[in-house]
Amino acid sequence: MNFKSNLLDEMAIKRAIARISHEIVEKNKGVDDIVLIGIKRRGMPLAERIAENIRSFEDTEVPVGSVDITFYRDDLEQSYEMPMIKDAAIDVQIKGKKVILVDDVIFTGRTVRAAIDAVFSNGRPQSIQLAVLIDRGHRELPIRADYVGKNIPTSRQELIQVELMETDGNEAVKLYEL
């Protein structure tokens with residue numbers, strides 16, 4: 001894997017998350033009945049940051065939960081036909097709520113599809129929306145993000161790596177060539 005460039009630094013990530021947070025409030029006309037569900041690993045800290053932003057400008061707590069699936073990884077030699085749901089239990093109430101799935105990067109859409117299956121195995125939400133920090137294109141399923149921090153078109157020979165302080169000890173979005 002060869003490093004190509006830094007795409008976002010700490011401040012750019014912070015601005016993108018703040019913009020997503022505002023868009024969530026605006027699109028949903030407030031935060032009533034909203035639940036944020038982070039797709040583990042890096043979706044969880046992003047969901048927590050969005051909740052903190054919403055708390056700061058709406059003075060309202062938004063419940064945050066997580067779902068743990070095995071990612072469809074484009075950076076492994078062995079790719080999986082379908083992501084596997086490891087633990088479908090979601091630790092917040094989703095029945096009748098507006099669920100917003102949060103992830104770091106959307107690529108083929110298979111990870112999101114597995115997360116949607118996990119949500120439905122925990123109850124029937126009013127709706128499901130998707131927030132991602134990076135949309136890199138190359139969808140294999142008819143899935144699109146409702147909230148995008150940055151669109152970064154890539155080739156299939158490239159890899160986007162998101163680094164967050166909570167999981168990696170650094171804040172950056174980097175582009176690599178495989």
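Parameters and conventions
Residues numbered from 1 in each chain as written. Predicted model: local features only at pLDDT ≥ 70, side-chain atom pairs only at ≥ 80, totals over all residues. Heavy atoms only, no water. UniProt positions renumbered as here; feature names shortened; annotations may be inferred. Helix = DSSP H or I, 4+ residues; strand = E, 2+ residues; numbered from the N terminus. Buried < 20%, exposed > 50% of the residue type's maximum accessible area, 1.4 Å probe, protein only. Pairing = 2+ DSSP bridges. Salt bridge = Lys/Arg side-chain N within 4 Å of Asp/Glu carboxyl O. Phe/Tyr/Trp six-rings, centres within 6.5 Å; stacked < 30°, edge-to-face > 60°. Lys NZ or Arg CZ within 6 Å of the ring centre and 35° of its normal. Axes fitted to C-alpha atoms, helices over the stretch in contact; angles between N-to-C directions. pLDDT = per-residue confidence, 0-100. Contact = heavy atoms within 4.5 Å. Expected span 1.5 Å × (residues − 1). Polar contact = N/O pair within 3.5 Å; in protein donor to acceptor, adjacent residues only side chain to side chain.

> It is not clear to me how the UniProt feature "short sequence motif: PRPP-binding" (unreviewed entry) in the protein should be interpreted in this structure. Could you clarify?
In the UniProt entry, the feature "short sequence motif: PRPP-binding" (unreviewed entry) is given for residues 99–111. A helix fraction of 15% and a strand fraction of 62% characterise residues 99–111, whose end C-alpha atoms lie 16 Å from each other.

> In this structure, what is going on with the pairing of strand 2 (residues 34–39)? I would like to understand it.
Looking along a regular strand, one sees the side chains alternate between the two faces of the sheet. Among the six residues in strand 2, six count as buried, and that is most of the element. Burial of the side chains of strand 2 extends over both faces: I34, L36 and G38 are buried on one face and V35, I37 and I39 on the other. Taken together, the five bridges between strand 2 and strand 5 (residues 98–106) define a ladder with parallel strand orientation. Following the sheet pairing, I34 is matched in strand 5 by K98.

> Whenever I open this one, the pattern of salt bridges confuses me. Can you help?
Side-chain pairing between opposite charges can occur once the charged atoms of the two side chains come close. Enumeration over the complete set of coordinates arrives at 15 salt bridges. Between K27 and D146 there is a salt bridge, and its shortest N-O distance comes to 3.1 Å. Taken together, the residues span a long stretch of sequence, with K27 in helix 1 (residues 10–27) and D146 in the loop between strand 6 (127–135) and strand 7 (147–151) at a distance of 119 residues. R156 serves as the salt-bridge partner of E140, at 3.7 Å between the closest nitrogen and oxygen. In this pair, E140 is assigned in the loop between strand 6 and strand 7 and R156 in the loop between strand 7 and strand 8 (158–163), connecting sequence segments 16 residues apart. A single network of salt bridges, built from pairs that share partners, joins K27, R144 and D146.

> Mind showing me how you'd approach the packing of aromatic side chains here?
Each aromatic ring pair is characterised by the separation of its centres together with the angle its planes make. Following the criterion strictly, the structure yields one aromatic pair and no others. Ring plane angle 75 degrees and centroid distance 5.6 Å describe the contact between F3 and Y176, whose orientation is recorded as edge-to-face. Placement of the pair is F3 in strand 1 (residues 2–8) and Y176 in strand 9 (residues 172–177), with a sequence separation of 173 residues. The class of Y176 is buried, set by a relative accessible area of 12%. Across the ring face of F107, the terminal group of R136 is positioned such that the distance to the ring centre comes to 3.9 Å.

> Explanation requested: the sheet that holds strand 1 in the structure shown.
In sheet architecture, strand pairing relies on hydrogen bonds along the backbone and comes in two forms, parallel and antiparallel. Read from one edge to the other, the open sheet built from three strands follows the order 1-9-8, with strand pairing classed as antiparallel. Every interior strand has two partners, whereas the edge strands, strand 1 and strand 8, have only one. In this sheet, neighbouring strand axes are inclined to one another by 25 degrees on average, regardless of whether the strands run parallel or antiparallel. The sheet contact formed by strand 1 and strand 9 spans five bridges and is antiparallel. Bridging from a neighbouring strand, F3 pairs with Y176 of strand 9.

> Looking at this structure, how should I read the confidence of the model for the protein?
The predicted coordinates of low-pLDDT regions are not to be read in fine detail. Of the residues in the protein, 89% reach a pLDDT of 70 or more, and the chain-wide mean stands at 90. Low pLDDT, under 50, characterises residues 71–80; the predicted model gives this stretch 19 contacts beyond four residues in sequence or across chains.

> Even after reading the chapter, I still don't get helix 1, so can you show me in this structure?
Given 3.6 residues to a turn, an α-helix orients residues that are three or four positions apart in the same direction. Taking 1.5 Å per residue, 18 residues should reach 26 Å; helix 1 reaches 26 Å between its end C-alpha atoms and fits that length. Within helix 1 the residues assigned to the buried category are A12, I13, A16, I17, I20, S21, I24 and V25. For helix 1, the N-terminal capping position is held by D9, with its side-chain oxygen 3.2 Å away from the main-chain nitrogen of M11. One or two positions beyond helix 1, positive phi appears at K29, with a value near 55 degrees.

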